[in-house]
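# Structural overview for review
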Amino acid sequence: MVLEGNPEVGSPRTSDLQHLENQGSCVLSSPGEDAQPGEEPIKYGELIVLGYNGCLASGDKGRRRSRLALSRRPHANGVKPDVMHHISTPLVSKALSNRGQHSISYTLSRSHSVIVEYTHDSDTDMFQIGRSTENMIDFVVTDTSPGGGAAEGPSAQSTISRYACRILCDRRPPYTSRIYAAGFDASSNIFLGERAAKWRTPDGLMDGLTTNGVLVMHPAGGFSEDSAPGVWREISVCGNVYTLRDSRSAQQRGKLVENESNVLQDGSLIDLCGATLLWRTPAGLLRAPTLKQLEAQRQEANAARPQCPVGLSTLAFPSPARGRTAPDKQQPWVYVRCGHVHGYHGWGCRRERGPQERECPLCRLVGPYVPLWLGQEAGLCLDPGPPSHAFAPCGHVCSEKTARYWAQTPLPHGTHAFHAACPFCGAWLTGEHGCVRLIFQGPLD
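My aim in this report is to walk through the structure given alongside it, one point at a time. (Residues numbered from 1 in each chain as written. Predicted model: local features only at pLDDT ≥ 70, side-chain atom pairs only at ≥ 80, totals over all residues. Heavy atoms only, no water.)

## Remarks on the environment of Arg364
Defined as follows: Here a strand is any run of E in DSSP of at least two residues, a helix any run of H or I of at least four, and the numbering for each starts at the N terminus. Counting of polar contacts relies on pairs of N or O atoms within 3.5 Å, with two restrictions inside protein: one atom must be capable of donating a hydrogen and the other of accepting it, and residues adjacent in sequence are counted only when both atoms are side-chain atoms.
Topologically, Arg364 is positioned in the loop between β23 (357-359) and β24 (366-371). Along the backbone, Arg364 and Cys338 are 26 residues apart, and their C-alpha atoms lie at a distance of 9.2 Å. A polar contact is formed between the side chain of Arg364 and the side chain of Glu359, at a distance of 3.0 Å.

Shown next as structure tokens:
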């Protein structure tokens, strides 16, 4: 057995984020040992699963929810690389039997494995994300199907790893958060088998990729009114950044991107091959609209008393407390090709093109005719602008800049495909722009 000392794996620490005082509460952890009684803990950021519009269909429960805040733990639980061992396979089980010792095992061949032992890091907190419901997973994530639901049934085989990824957050300002592929299992081990993509780095250390990979996209210009989608990259087990593989599970890794890091930014997207998560920083959330503001916008839109241009009935967006059930009589509907808003009516059907295809009575364009629903997950919004645009074809409503940003953001799908999707329900966007400006008719009196 060869012992090599103290390899530090991952990207260098940065200090480009500003310290924020009086950050929000956390649903995951309690105040740290240095917090004063009654003082809220330091929040590192929040993870929001795309496609659920504020709550899982079955309700947010414990670690299985649509949104989770990560805050400083009472005691640090982070780990960092310590020593690396070259061992023969018969010794692997013995080397991994200590559950108190975190380690990553790289199987190079039947007779050669490399084990990197990790030691406690008092400067970081670790949070793990995956499909497993075991206690070491802090955020349980299941596959999201287009339309805002979880894939269910025995035939729906998940593509999300049980131990998909881990996030390490600095316990001291500026509270930098970094993402790494793979999480430690119940034995405190990450195991990369013989068929997994792995390699020795130029400095003699080990690195690798998980089966379906962990992809990250940092938006250009931050997550604000001036944002633009960035480039999708793959994050390795040691936190290095690579270009995408030819397909999601290919054994040949992409090229190392040396000028990029695994530091999460406001608006960073994390794709786990079955679900996509949005990372929001405390500073970013301060700029995002609140639920109170969204409700005020709903009431303001209803106070304008928009009318159906044909039936002349008054339209009104339903209260979010009612949930997305069957549309009521006042529900606004839209022709998603032209944006003309009506009340529900039964004429204009073009059944030869599909049950939702209708001809707009104002402009004669034929296309989907769907009810309008307000986007209720405020963390997905780039600005507090008025609800003026709807995604096509699902009908979720948000501000213009929010709609245009998500309509031009490709989200991973399957092994090598990308599709723009509604962030509120996950439906694939259609049409030339993926969204449409809503055209309301005011009251005639």
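## Points about the nonpolar core
Stated precisely, the cut-off is as follows: Only buried residues count toward a nonpolar core. Its members are Ala, Val, Leu, Ile, Met, Phe, Trp, Tyr and Cys residues joined through side-chain atoms within 4.5 Å. Under the scheme applied here, a residue whose accessible area is under 20% of the maximum for its type counts as buried, over 50% as exposed, and between as partly exposed, the area being computed with a 1.4 Å probe on protein chains only. It only takes one pair of heavy atoms within 4.5 Å for two residues to be counted as in contact.
In this structure, Leu47, Ile129, Ile167, Ile179, Ile270, Leu272 and Leu277 are the most contacted members of the largest nonpolar core, which totals 31 residues. Elements that contribute at least two residues to this core include exactly β2 (43-49), β3 (67-71), β7 (124-130), β11 (165-170), β12 (177-181), β16 (214-217) and β20 (276-280). With sequence-adjacent residues up to four places away left out, Ile129 is seen in contact with Leu47, Ile137, Phe139, Val141, Tyr163, Ala164, Cys165, Ile167, Leu272 and Leu277. In this structure, Leu50, Leu269, Ala407 and Cys422 belong to the second largest nonpolar core, which totals 27 residues.

## Description of the side chain of Asp121
Tracing the chain through its elements places Asp121 in strand β6 (residues 112-121). Residue Asp121 is classed as buried on the basis of its relative accessible area, which comes to 3%. Among the polar contacts listed, one links the side chain of Asp121 to the side chain of Thr124, at a separation of 3.2 Å.

## Focus: the pairing of strand β5 (residues 103-109)
To keep things clear, this is the line we draw: Here, strands pair whenever DSSP counts at least two bridges between them.
Within β5, five of the seven residues are buried, which leaves it mostly tucked inside the rest of the structure. Connecting the antiparallel pair β5 and β6 is a turn made up of two residues. In this sheet, strand β13 (residues 189-192) lies alongside β5 in parallel orientation, the contact comprising four bridges. Along β13, the bridge assignment pairs Ile104 with Ile190.

## Let's talk about the sheet that holds strand β22 (residues 341-342)
Ordered in space as β22-β21-β24-β23, the four strands form an open sheet in which the pairing is antiparallel. Lying at the two open borders of the sheet, with one neighbouring strand each, are β22 and β23. Of the strand pairs in this sheet, strand β21 (residues 333-335) and β24 are connected by three bridges, and their pairing is antiparallel. In the strand pairing of β24, Val334 is matched with Val370.

## Concerning the pattern of salt bridges
As a reminder of what qualifies: By salt bridge we mean one thing: a side-chain nitrogen of Lys or Arg within 4 Å of a carboxyl oxygen of Asp or Glu.
This structure, assessed with the given rule, holds 15 salt bridges. Residues Lys43 and Glu46 are paired through a salt bridge, measuring 2.7 Å at the closest nitrogen-oxygen approach. Overall, the relative accessible area of 8% leaves Lys43 in the buried class. The salt bridge involving Arg245 is made with Glu234; its shortest N-O contact spans 2.6 Å. Taken as a pair, Arg245 in the loop between β18 (241-242) and β19 (269-271) and Glu234 in strand β17 (residues 232-235) lie far apart in primary sequence, eleven residues in all. Summarising the burial analysis for this pair, Arg245 and Glu234 share the class buried. Put simply, Lys43, Glu46, Arg67 and Glu377 are held in one network by salt bridges that share partners.

## Brief notes about helix α4 (residues 400-407)
Along α4, the positions that sit buried rather than exposed are Thr402, Ala403, Tyr405, Trp406 and Ala407. Those residues of α4 that are buried are in contact with β16, β19, β20, β26 (389-391), β27 (396-398) and β30 (435-437).

## Quick notes on the pairing of β3
Among the five residues in β3, four count as buried, and that is most of the element. Pairing analysis gives five bridges linking β2 to β3, with the strands arranged antiparallel. Among the inter-strand pairings, Glu46 is bridged to a residue of β3, identified as Ala69.

## Regarding helix α3 (residues 291-303)
What counts, and what does not: Helices are assigned an expected span. That span is 1.5 Å times one less than the residue count. Of all possible arcs, the one meant is that of the directions from the helix axis to the C-beta atoms.
Counted at 1.5 Å a residue, the expected span for α3 with its 13 residues is 18 Å, and the 18 Å between its end C-alpha atoms agrees. Among all positions of α3, only Leu294, Gln297, Arg298 and Asn302 are buried. Angular distribution of buried residues about the axis of α3 spans 135 degrees; they occupy a single face of the element. What points out from α3, more than 90 degrees from its buried face, is the exposed set Lys292, Glu300 and Ala303. At its buried positions, α3 is contacted by β25 (373-374).

## Structural notes on the packing of aromatic side chains
Just so we agree on the cut-off: Only Phe, Tyr and Trp rings take part, Trp by its six-membered ring, and two of them pair if their centres are within 6.5 Å. Stacked means planes under 30 degrees apart, edge-to-face means over 60, and tilted covers everything else.
Applying the stated rule across the entire model yields 13 aromatic pairs. Relative to Phe440, the ring of Phe317 lies with its centre 6.4 Å away and its plane at 70 degrees, an arrangement referred to as edge-to-face. Residue Phe317 is found in the loop between α3 and β21, and its partner Phe440 is found in the segment after β30; the two are separated by 123 residues along the sequence. Judged by its relative accessible area of 5%, Phe317 is buried. Residue Phe440 is classed as partly exposed on the basis of its relative accessible area of 35%. Seen from their ring centres, Tyr344 and Tyr369 are 6.3 Å apart, and the 25 degrees between their planes marks the pair as stacked. Linking Tyr344 in the loop between β22 and β23 with Tyr369 in strand β24, this pair joins segments that are 25 residues apart in sequence. Classification of Tyr369 by relative accessible area gives buried; the value is 2%. Here the aromatic cluster, defined as three or more aromatic residues joined through ring pairs, consists of Trp333, Tyr335, Tyr344 and Tyr369.

Any functional reading would require information that these geometric values do not contain.
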